[in-house]
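Structure assessment
Here's the letter readout for the chains.
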Amino acid sequence: FHFQQSSSVADSEVYKCPIEKMNGKNGSTVNGGIKPQKMVIKAFKKMPEVSADYTATTKELLRSAIRQIYTYSDNKSVSYEQLYRAAEDMCIQKQEASLYALLQEECLTFIQQKVTTLQSQCETHSLQQLEAWDSMWRDHCDQLNTIRNVFIKLDRGYCLQHSPGLGLGSAVQPIWDMGHGLLRAQLEQKSQLLARLVTSMLATIESYRQGELLADRFVLARLAHMLVTLNLYRTVFEPAMLSDSNRFFKSEGEQLVGSLDTAMFLAVVDKRLAEAEEMACVLLHHSSRKALLEAVETQ
């Protein structure tokens, strides 16, 4: 078969780009010569106005929501989506500072109540004290996470824009850090309460070293994580834990050195080293590993 190109059609027309043919040589027209229309978005001649009591009404709605989160009340009349939109609207209306102050005020009120309740629950023996602390910490984290999800617009916008690292003068902590900071401040004011927690944790650690079966040994891990998160581990717990560990290993070494031969004594030392490794990495915090191993070796 043989095809012959018509001489009346120039090569440039045969290979002309389809877009160029559609738009014209300079691309200024489309659809048979109609010029393209430009879309112009104009600002409102008058900004939309909200009702005079909108801010106050929305604040009360969000205040009520915070209280229901802390008391685990189930209000089916208002969904989380509606609360999220209400908090977002407050941010759009430039009410972030007052909204953050409201949030901080309500969180402080309920955290104070938590600490007061904890004081009354920690008059019992060690295990029940640890369970009370563990329950308080898990509730605190769950509630704070729910609040952060409702106020996510405030947290991701206003809080980040005024974070301490930016050096803008009035530092605003993210909601998660703010809640933990309030709890830490309340606990630091209750030094006896913290001391009872440390004593209970040390008693549980000694029971574990003596081979007693613990109902929930990982409660130690959760409470150690709590102290690390609240920046209380190194200042409140670790010095007391290392001092008590040195006392325990020294006392045990003095008792065993005269009653065991060298091989059996070294076997006990190996067991304590493995136990200290596990305790630091699983039950407490990895930062204590080196000091715990040194306590076993030196004592």
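Conventions we followed
Residues numbered from 1 in each chain as written. Predicted model: local features only at pLDDT ≥ 70, side-chain atom pairs only at ≥ 80, totals over all residues. Heavy atoms only, no water. Helix = DSSP H or I, 4+ residues; strand = E, 2+ residues; numbered from the N terminus. Buried < 20%, exposed > 50% of the residue type's maximum accessible area, 1.4 Å probe, protein only. Contact = heavy atoms within 4.5 Å. Areas by Shrake-Rupley, 256 points an atom, 1.4 Å probe, with all protein chains shown as cover. Expected span 1.5 Å × (residues − 1). Arc of directions from axis to C-beta. Salt bridge = Lys/Arg side-chain N within 4 Å of Asp/Glu carboxyl O. Phe/Tyr/Trp six-rings, centres within 6.5 Å; stacked < 30°, edge-to-face > 60°. Core = buried A, V, L, I, M, F, W, Y, C linked by side-chain atoms within 4.5 Å. pLDDT = per-residue confidence, 0-100.

Along the protein chain, the regular secondary structure elements total 13 helices and 0 strands. For the protein chain, buried positions account for 34% of its 299 residues. Looking at the protein chain alone, contacts between residues at least 24 apart form 73% of all its contacts between residues at least 6 apart. In the form shown here, the protein chain has an accessible surface area of approximately 18,500 Å², with 54% of it arising from carbon and sulfur atoms.

Helix length check: helix α11 (residues 233–256), at 24 residues, gives a terminal C-alpha distance of 32 Å against a target of 34 Å (1.5 Å per residue), a fit within 8%. Looking only at α11, the buried set comprises Tyr233, Phe237, Glu238, Met241, Leu242, Asp244, Ser245, Phe248, Phe249, Glu252 and Gly253. Close packing links the buried residues of α11 with α9 (191–209), α10 (218–229), α12 (262–283) and α13 (289–298).

As a further point, take α13. Taken as a whole, α13 has its buried residues at Leu292, Leu293, Ala295 and Val296. One side of α13 carries all its buried residues, which in axial view fall inside an arc of 155°. Exposed residues lying more than 90 degrees from the buried face of α13 are Lys290, Glu297 and Thr298. Close packing links the buried residues of α13 with α9, α11 and α12.

With that out of the way, let us pick up the pattern of salt bridges. All chains considered together, the criterion is met by 12 salt bridges. One salt bridge in this structure joins Asp134 and Arg138, with 3.3 Å as the shortest N-O distance. Of this pair, Asp134 and Arg138 both sit in helix α6 (residues 126–150), 4 residues apart, which is roughly one turn of that helix. When its relative accessible area of 46% is taken as the criterion, Arg138 is described as partly exposed. With a closest N to O distance of 3.4 Å, Glu238 and Arg234 form a salt bridge. Of this pair, Glu238 and Arg234 both sit in helix α11, separated by 4 residues, roughly a single helical turn. When its relative accessible area of 9% is taken as the criterion, Glu238 is described as buried.

Bringing unusual backbone geometry into the picture now. Of note in this structure, Lys94 is not a glycine but carries a positive phi near 65°. Assessed through its relative accessible area of 67%, Lys94 is described here as exposed. Even without being glycine, Asn231 reaches a positive phi, approximately 60°. Here Asn231 lies in the loop between α10 and α11. For Asn231, a relative accessible area of 55% corresponds to the exposed category.

So, on to the packing of aromatic side chains. By the definition in use, this model includes 4 aromatic pairs. Measuring from ring centre to ring centre gives 5.5 Å for Phe248 and Phe249, while their planes differ by 75°; the resulting arrangement is edge-to-face. Of the two residues, Phe248 and Phe249, both sit in the buried class.

Let's shift gears to the side chain of Thr204. In this fold, Thr204 is placed in helix α9. Overall, Thr204 belongs to the buried group, its relative accessible area being 11%. Look past the residues within four positions of Thr204 in its chain and what remains in contact with it is Leu130, Leu214 and Leu220.

Residue position: Met178 is located in helix α8 (residues 175–189). Separated by 75 residues in sequence, Met178 and Leu103 have C-alpha atoms that sit 9.8 Å apart. Setting aside residues up to four positions removed in sequence, Met178 forms contacts with Tyr100, Leu103, Gln104, Cys107 and Gln173.

Let us look at the nonpolar core. Counting residues in hydrophobic clusters, the biggest one holds 70 residues, and the most contacted among them are Trp133, Phe151 and Phe237. Setting aside residues up to four positions removed in sequence, Trp133 forms contacts with Leu118, Cys122, Leu187, Leu193, Leu194, Leu197, Leu223 and Met226.

Structurally, Thr109 is set in helix α5 (residues 96–121). Distance from Thr109 to Leu182, taken between C-alpha atoms, is 9.8 Å for residues 73 residues apart in sequence.

Here the protein chain averages 80 in pLDDT, while 81% of its residues score no lower than 70. Mean pLDDT per element in the protein chain: helix α1 (residues 11–14) is the minimum at 46, and α8 is the maximum at 93. This stretch, residues 1–25, has a pLDDT under 50; its non-local contacts, to residues over four places away or in other chains, come to 12 contacts.

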